[in-house]
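Coordinates in review
Here's the letter readout for the chains.
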Amino acid sequence: MQKVKAEMGKDALILSTRKVRQKGIMGWFKRPLIEVVAAADESREENFIPRRVMSANATSYALLGRQDDTSRVLEKLEAQIANMGEMLDKLTSSLKATEGRADLNIKHEYIPYYEMLVKNEVNEDIAKDIIQKAGLLHERSSADFKRCLEQVLMERIGPSRPLEVSPGRRKVVIFVGPTGVGKTTSLAKLAAIFSIQKQMRVGLITADTYRIAAVDQLKIYAEIMELPLSIVYSPREVVDALEEHNDKDVVFIDTAGKSIRDRAQEKEILELISLSKADEVYLVLSCNTSYSGCLNIIRSYSFLPDYKLLFTKVDEASSYGIILNCRHISGRPLSYIATGQSVPDDIEVADPNKLLSCIMKRVEV
Ligand SMILES: Nc1nc2c(ncn2[C@@H]2O[C@H](COP(=O)(O)OP(=O)(O)OP(=O)(O)O)[C@@H](O)[C@H]2O)c(=O)[nH]1
Ligand SMILES: [Mg+2]
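Residues numbered from 1 in each chain as written. Chains lettered and ligands numbered in written order. Predicted model: local features only at pLDDT ≥ 70, side-chain atom pairs only at ≥ 80, totals over all residues. Heavy atoms only, no water.

From N to C terminus, the protein includes twelve helices and eleven strands. Here the protein, with 365 residues, has 43% of them falling under the buried criterion. Once local pairs closer than 6 in sequence are excluded, the contacts in the protein between residues at least 24 apart make up 66%. Carbon and sulfur atoms make up 52% of the accessible area of the protein, which totals about 20,800 Å². (Helix = DSSP H or I, 4+ residues; strand = E, 2+ residues; numbered from the N terminus. Buried < 20%, exposed > 50% of the residue type's maximum accessible area, 1.4 Å probe, protein only. Contact = heavy atoms within 4.5 Å. Areas by Shrake-Rupley, 256 points an atom, 1.4 Å probe, with all protein chains shown as cover.)

All buried positions along helix α8 (residues 237-244) are accounted for by V238, A241 and L242. The buried side chains of α8 occupy one side of the element, clustering within an arc of 100° when seen end-on. In this structure, α8 carries D240, E243 and E244 as exposed residues pointing more than 90 degrees from its buried face. (Arc of directions from axis to C-beta.)

Spatial strand order, β6-β5-β7-β4-β8-β9-β10-β11: eight strands in an open sheet with mixed pairing. In this open sheet, the two strands that pair with only one neighbour each are β6 (229-231) and β11 (347-349). Adjacent strand axes in the sheet meet at a mean angle of 25°, parallel and antiparallel pairs treated alike. The pairing of strand β10 (residues 334-338) with β11 spans three bridges and is classified as antiparallel. (Pairing = 2+ DSSP bridges. Axes fitted to C-alpha atoms, helices over the stretch in contact; angles between N-to-C directions.)

Mapped onto the elements of the fold, K308 is located in strand β9 (residues 308-312). Polar contacts involving the side chain of K308 include one to the side chain of E280, which spans 2.9 Å. One polar contact links K308 to Y282, side chain to side chain, over a distance of 3.5 Å. Discounting residues that sit within four places of it in the chain, K308 has contacts with R161, P162, L163, E280, V281, Y282, L283, P333 and S335. (Polar contact = N/O pair within 3.5 Å; in protein donor to acceptor, adjacent residues only side chain to side chain.)

It is at 10 Å that the axes of helix α6 (residues 183-197) and helix α7 (residues 212-225) come closest, and there the two elements cross at 15°. Looking at the two axes, α6 sits roughly parallel to α7. As for the relative orientation of α6 and α7, their crossing is right-handed in sense. Seen from α6, the contacting residues are T184, T185, L187, A188, A191, A192 and I196; seen from α7, they are Q217, L218, Y221 and M225. Here the contact of α6 with α7 is built from residues that sort into eight nonpolar, three polar and no charged. (Parallel < 35°, antiparallel > 145°, perpendicular 65-115°, else oblique. Left-handed = near helix turned anticlockwise from the far one by under 90°. Nonpolar A, V, L, I, M, F, W, Y, C, P; charged D, E, K, R; others polar.)

On to the pattern of salt bridges, then. The final tally for this structure, using the stated rule, is 15 salt bridges. The residue E266 makes a salt bridge to K258 at a minimum N-O spacing of 3.6 Å. Judged by relative accessible area, E266 falls into the buried class, the value being 10%. We classify K258 as buried; its relative accessible area is 3%. Among the ionic contacts, a cluster of salt bridges with common partners joins D129, K133 and R156. (Salt bridge = Lys/Arg side-chain N within 4 Å of Asp/Glu carboxyl O.)

So, about the site of ligand 1. Residues in contact with ligand 1 amount to 20 residues; listed here are only the nearest, K183, T184, T185, R211 and D315. For ligand 1, an oxygen atom lies 3.0 Å from a polar atom in the side chain of Q217. Between ligand 1 and A338 there is a distance of 3.3 Å, counted from an oxygen atom to a backbone nitrogen or oxygen. Against a free-state accessible area of 650 Å², the protein chains account for coverage of 83% of ligand 1. (Near = heavy atom within 4 Å.)

These results come straight from atomic positions and should not be treated as a statement about function.
Printed below as a string of structure tokens:
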């Protein structure tokens, strides 16, 4: 009974006992064993399982109960292994994330700012560079990191260089850029602002004679604003056309959209710039363009001696990162930002503070 209770608990009961001979011929000459069948009430009926406890050599066998225990232990082990598997998965993914961050070489506390810049479509390398510069500034100054980041971003955005016109000192301004970005619309917006709001004498020239509709488009704006429009079919004609606009304060020249690697068109644009003695060239870019698209466009306009950046379709873009990216790639100053299709309302001088707050709004941690 002591052995039964030790093995199966104090509530165990002996169901039966019997003498059994040990196995083999020699067993006949040894003392018989006592087989005890006992059971323990484990509160539930199905757990009321009889076990056999062999005495004499103090070896006990819980034949039926052992099987049940084993499966329960196995179940537990399986659950533990599954748990460990999950933990390992989590550990591996967090290790991978840390490795990724380690590559970034950015302090842990700056990472949310980096991630927000990237979410704002600032190119990853540019964002990393900005964060690292802000980090260096933060280490050297007493200002908090956010202030340092704002300072670096402001430097990157740079001051705006809108068109400045003085009466009697004629300026010639040329609009270039890829097809359909909003060159003609932006030109019409500025022509309206300078003629109607600023009371300047404005002339228009279009060199976009590739499409019939292109001439008509500017003609309609010219008629509405009552501005003289000249059409030039080759760069050489621009000299005579400008003669006609000798009395103007500013002359805007529209060009056809240039596709990347169109060498003939590059030559034409360069001729137009030099023959017109252009004072300013505006490279018009749409904020809808991808980073790689902008990179290709800016590279394809590297033939230009000098230009300013004019961004359109900000209203259609989800972020302002593209403006920072283009500033970084080109190193050219910002001028205007077009915010919609409405002429002349939807254009404004690029405001660095506004741009900064639009970017920083999303960099809250
Ligand atoms: N949403 C939005 N649409 C714009 C903006 N600027 C121009 N657009 C539209 O973009 C389309 C193309 O504009 P255009 O001014 O003809 O573009 P373009 O660069 O002169 O085109 P091509 O001369 O064909 O190369 C028109 O439907 C414009 O109304 C802007 O800031 N926002
Ligand atoms: Mg056009």
